[in-house]
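Summary of the model geometry
As a plain string of letters, each chain reads:
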Amino acid sequence: MVAEFLGEAIILPARVAAGHAHCILGAIPVDRDENRQTAEILLRPEQVGLGPDQTGGASAMVTDSEFSGPTCMLTVEVANGAGEAGTLVLRQPSAGAPQVGTRIRLTVSGSAHLLN
């Protein structure tokens, strides 16, 4: 896929309505005002932020962590209030990265790109 060729990308299935993609991370603004029952959206990894479980966003549990020097790859199991669930792998700074078993919240900044 071209988007992945240009760099790391998070591609998620979604339903698009009224300018927002509804996916496991919640409702995210998209770059085109379309309505689709079945779609895929693209986020850049730097758009996804981690925070303590008390903040807003999609609830997630860290299930694996792979240390890679200054960064690590976190595997997280995500579940939202709509009953949707899935697994994401996120690159994060190693310093201060949550431990396996930690419940966190994932937030998205900016808009998602709606793929064709």
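In case you missed it, the structure is sitting above this.
Everything in this summary refers to the structure shown in the same document. (Residues numbered from 1 in each chain as written. Predicted model: local features only at pLDDT ≥ 70, side-chain atom pairs only at ≥ 80, totals over all residues. Heavy atoms only, no water.)

Another point: the sheet that holds strand 8 (residues 85–93). Backbone hydrogen bonds hold the strands of a sheet together, and the pairing may be parallel or antiparallel. In spatial order, the strands read 5-9-6-7-8; together these five strands make up an open sheet with antiparallel pairing. Whereas interior strands pair on both sides, the edge strands pair on one side only; in this sheet they are strand 5 (48–52) and strand 8. Averaged over all pairs of adjacent strands, the angle between strand axes in this sheet comes to 40°, irrespective of strand direction. (Pairing = 2+ DSSP bridges. Helix = DSSP H or I, 4+ residues; strand = E, 2+ residues; numbered from the N terminus. Axes fitted to C-alpha atoms, helices over the stretch in contact; angles between N-to-C directions.)

The topology assignment puts Gln92 in strand 8. Apart from the residues lying within four places of it in its own chain, the contact partners of Gln92 are Val48, Leu50, Pro70, Thr71, Cys72 and Leu74. (Contact = heavy atoms within 4.5 Å.)

This part is about the nonpolar core. Leu12, Leu25, Ile41, Val76, Val78, Leu88 and Leu106 are the most contacted members of the largest nonpolar core, which totals 28 residues. Where this core is concerned, the elements lending two or more residues are strand 1 (10–17), strand 2 (20–23), strand 4 (36–43), strand 6 (58–68), strand 7 (71–79), strand 8 and strand 9 (103–108). Those residues within four positions of Val78 in sequence are excluded, and the remaining contacts are Ile24, Leu25, Ala58, Ser59, Ala60, Glu84, Ala85, Gly86, Leu88 and Leu106. (Core = buried A, V, L, I, M, F, W, Y, C linked by side-chain atoms within 4.5 Å. Buried < 20%, exposed > 50% of the residue type's maximum accessible area, 1.4 Å probe, protein only.)

What follows covers the side chain of Gln47. By the element assignment, Gln47 lies in the loop between strand 4 and strand 5. Setting aside residues no more than four positions away along its own chain, Gln47 makes contact with Thr107, Val108, Ser109, Gly110 and Ser111.

Strand direction decides the pairing type here: strand 7 and strand 8, joined by nine bridges, are antiparallel. By the bridge assignment, Thr75 is partnered in strand 8 with Val89. Counting the residues between successive antiparallel strands, the hairpin from strand 7 to strand 8 contains five residues, one of them, Gly83, with a positive phi of roughly 85°.

Here we take up the pairing of strand 3 (residues 26–29). Here four bridges tie strand 2 to strand 3, and the two strands are oriented antiparallel to one another. When the sheet's bridge partners are listed, His22 is paired in strand 3 with Ala27. Linking strand 2 to strand 3, which pair antiparallel, is a turn of two residues.

Right, let's get into the sheet that holds strand 1. Taken in spatial order, the five strands line up as 3-2-1-4-10 in an open sheet, and their pairing is antiparallel. The open sheet has two edge strands, strand 3 and strand 10 (113–114), and neither has a second partner.

By the secondary structure assignment, Leu43 is in strand 4. Separated by 58 residues in sequence, Leu43 and Gly101 have C-alpha atoms that sit 25 Å apart. Setting aside chain neighbours within four positions, we find Leu43 in contact with Ala9, Ile10, Leu12, Leu25, Ile28, Val48, Val108, Ser111 and Ala112.

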